[in-house]
Protein chains: 2
Amino acid sequence: MNPFDDNYFMKKALQEAEMAFDKGEVPVGAVVVIDNKIIAKSHNLTETLNDVTAHAEMQAITAAANYLGGKYLIDCTLYVTLEPCQMCAGALYWSQISKIVYGAKDEKRGFETLGTTLHPKTKIIGGVMENEAATLMKRFFIEKRNLN
Amino acid sequence: MNPFDDNYFMKKALQEAEMAFDKGEVPVGAVVVIDNKIIAKSHNLTETLNDVTAHAEMQAITAAANYLGGKYLIDCTLYVTLEPCQMCAGALYWSQISKIVYGAKDEKRGFETLGTTLHPKTKIIGGVMENEAATLMKRFFIEKRNLN
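Computed from a prediction, not measured in an experiment: that's the story for all the values here.

A.B. asks: Would you take a moment to explain the interface of chain A and chain B for this structure?
C.D. replies: Residue-level contacts link 27 residues of chain A with 27 residues of chain B. When the two sides are added together, the surface that chain A and chain B hide from each other amounts to roughly 2400 Å², 58% of it contributed by carbon and sulfur. By the criterion of area lost to chain B, the three top residues of chain A are Val52(A), Lys71(A) and Trp94(A), representing 29% of everything that side buries. On inspection of chain A and its partner chain B, the count reaches 2 salt bridges. Of the charged contacts in the structure, one is a salt bridge between Glu47(A) and Lys71(B), with a shortest N-O distance of 2.7 Å. Between chain A and chain B we count 12 residue pairs in polar contact (both at pLDDT 80 or more) in total. Taken together, the elements giving at least two residues each to the side of chain A that touches chain B come down to α2 (56–68) and α3 (86–95) of chain A. Broken down by element, the residue count for the side of chain A that touches chain B peaks at 7 residues, all from α3(A). Across the side of chain A that touches chain B, the residue classes break down as 10 nonpolar, 13 polar and 4 charged.

Shown next, in the form of C-alpha cells:
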C-alpha cells in the first residue's frame, strides 16, 4: 500500500485551508508535490495581503518554482481544495504543471465552467475529498453571514 | 487639450516594456492610473524571478492595491503594451478594474482569443500604440533567435 495517495496530499491542502479559515480568509489551501515530497504549501491570503492575486495556487506556484530553481513545474502535482479560478488556471497553464488535483467544484468561477485553457500536458482530477472541502467553504460563508 | 490621454500613459507602459527588453525579458510593460496619476509601474520579470506569475500586469495589480490600501481597483485604468493573457485577465476580473487599455494584440494567448471572462464593469480598449508595442516584441524575438 502506498500511503502517499491523492487523499494523503489533499489532507495537507485541507490543513492549509483550515489555516486560511482561522484568519478569516475564504478557506482554500494548496500543496505542490514532486516525487511524493511536498515542496510548497500555501493558503488564500487575499484579505490579509489586500491583494486579489494572493490565491493559494498562485503562492504555491511561486514557492514551488523557487524551490526547484526553475519556472516550469514539470513532474509536479498541485493539490488544491477548490477548483482553480481563471487566474490560477492561467498561471498553471504557463507553469506546464503535470497534474492538478482539486477537491470541491466551483460551479460559478471555476476554470472548467469558464473554459480556461490549460497546457496540453496537464492532467486534471477533480472531486478528491470534495465533501470535506465543500463543508469547510459552507461553514465559512455561514459564519460570515451570521457575523454581518 | 488634455495631455493625459491614452497615448500619454501607453508611452509610459512602453518605457517599462523597454526596461524588460534590456533585461532579456519578453518586453511587456504596464502602468495603473487613477485620476491621471500613475500609481503603479511594472514590467515582465518572469525570467529574472524564475516565476511564470511575474507578468507586468500581475505586479501592477499588486502594487496598485498596495498603494490604494484596498484590493479593488475601482476607478483605475491599466495600460499594458500587450493584450493580457488568461492569468492576467483572471486577476483583472477579481480586481474589478474599471478600464483596460492594451497595445498590441496577442492572437495566440490573449484573453480575447481564449475567452477569459472579465468583470462586467470593466471597459476594454485595444490597439493603442499597437505598432510600437508589436515592433518591440518582434525585435525581441528576432534578436533572441539570432543569439541562439
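Still more ground to cover, so stick around.
A.B. asks: Please explain the UniProt feature "binding site: Zn(2+)" (unreviewed entry) in chain A as it appears in this structure.
C.D. replies: What UniProt calls "binding site: Zn(2+)" (unreviewed entry) maps, in this numbering, to His55(A), Cys85(A) and Cys88(A). For this annotated set, covering 34 residues, all C-alpha atoms fall within 9.3 Å of each other, a compact arrangement in space. Its location among the elements puts His55(A) in the loop between β2 (37–43) and α2. Residue classification places His55(A) among the buried residues on the basis of a relative accessible area of 15%. Not counting chain neighbours up to four residues away, the residues in contact with His55(A) comprise Asn44(A), Thr46(A), Cys85(A), Met87(A), Cys88(A) and Trp94(B). For Cys88(A), the position within the fold is in helix α3. With near-sequence residues (within four places) excluded, Cys88(A) lies in contact with His55(A), Glu57(A), Met58(A) and Ile61(A).

A.B. asks: In this structure, what is going on with the sheet that holds strand β3 (residues 77–82) of chain B? I would like to understand it.
C.D. replies: The strands making up a sheet associate through hydrogen bonds between their backbones, and the pairing can be parallel or antiparallel. All names here are of chain B. Read from one edge to the other, the open sheet built from 5 strands follows the order β2-β1-β3-β4-β5, with strand pairing classed as mixed. In the strand order of this sheet, the two ends are held by β2 (37–43) and β5 (123–125), each with one partner. Each neighbouring strand pair of the sheet contributes to a mean axis angle of 15°, computed without reference to strand direction. Of the strand pairs in this sheet, strand β4 (residues 99–104) and β5 are connected by 3 bridges, and their pairing is parallel.

A.B. asks: What exactly am I supposed to notice about the side chain of Glu16(A) here?
C.D. replies: All names here are of chain A. In this structure, Glu16 sits in helix α1 (residues 6–22). Of the side chains with opposite charge, Lys41 comes closest to the buried, unpaired Glu16, at an N-O distance of 4.9 Å. In this structure the side chain of Glu16 is engaged in a polar contact, spanning 2.8 Å, whose partner is the side chain of His43.

A.B. asks: I would appreciate a short explanation of the UniProt feature "domain: CMP/dCMP-type deaminase" (unreviewed entry) in chain A in the present structure.
C.D. replies: Following the UniProt record, the feature "domain: CMP/dCMP-type deaminase" (unreviewed entry) maps to residues 4–114 of chain A here. Regarding residues 4–114 of chain A, the helix share stands at 40% and the strand share at 23%, and the terminal C-alpha atoms are separated by 31 Å.

A.B. asks: Hey, could you run me through the packing of α3(A) against helix α4 (residues 86–95) of chain B in this one?
C.D. replies: Relative placement of two packed helices is described by the angle separating their axes and the distance separating the axes. Running from N to C, α3(A) and α4(B) point in directions that differ by 160°, and their axes come no closer than 7 Å. One finds that α3(A) runs roughly antiparallel with respect to α4(B). In the packing of α3(A) onto α4(B), the handedness of the crossing is left-handed. Between α3(A), through Gln86(A), Met87(A), Gly90(A), Ala91(A), Tyr93(A) and Trp94(A), and α4(B), the contact on the second element is made entirely by Gln86(B), Met87(B), Gly90(B), Ala91(B), Tyr93(B) and Trp94(B). Taken together, the residues of the contact of α3(A) with α4(B) break down into 8 nonpolar, 4 polar and no charged.

Conventions used here
Every chain is numbered on its own, with residues counted from 1 as its sequence reads. Chains and ligands are labelled sequentially in the order written, the chains with letters from A and the ligands with numbers from 1. For a predicted model such as this one, the threshold for reporting local features is a pLDDT of at least 70, and the threshold for listing and counting side-chain atom pairs is 80 or more; totals across whole chains, interfaces and linings nevertheless cover every residue. To get the side-chain values, all heavy atoms of the structure are used, and hydrogens and water are removed first. Residue contacts are defined here by distance: any two heavy atoms, one from each residue, within 4.5 Å place the two residues in contact. We define buried area as the total accessible area lost by two parts upon association, computed with a 1.4 Å probe and summed across both. Salt bridge, as used here, is a side-chain nitrogen of Lys or Arg placed within 4 Å of a carboxyl oxygen of Asp or Glu. Two N or O atoms form a polar contact when they lie within 3.5 Å of each other; inside protein one atom must be a possible hydrogen donor and the other a possible acceptor, and for residues adjacent in sequence the pair counts only when both atoms belong to side chains. Every helix listed is a DSSP run of H or I at least four residues long, and every strand listed is a run of E at least two residues long, numbered separately from the N terminus. Each residue is assigned to one class: nonpolar for Ala, Val, Leu, Ile, Met, Phe, Trp, Tyr, Cys and Pro, charged for Asp, Glu, Lys and Arg, and polar for all the others, Gly among them. UniProt positions are given in the numbering used here, feature names are shortened, and annotations may be inferred rather than shown by experiment. Think of it in three bands: residues with accessible area under 20% of the maximum for their type are buried, residues over 50% are exposed, and the middle band is partly exposed, with areas taken using a 1.4 Å probe on protein chains only. At least two DSSP bridges between two strands are required for those strands to pair. To get an axis, fit a line to the C-alpha atoms, keeping to the stretch in contact for a helix; angles then go from 0 to 180 degrees between the N-to-C directions. In this tally, Asp and Glu contribute negative charge and Lys and Arg positive charge; neither His nor the terminal groups of the chain are included. In these notes the angle categories are as follows: under 35 degrees is roughly parallel, over 145 is roughly antiparallel, 65 to 115 is roughly perpendicular, and the rest is oblique. The hand of a helix crossing depends on one turn: near helix anticlockwise from the far one by less than a right angle means left-handed, and clockwise means right-handed.

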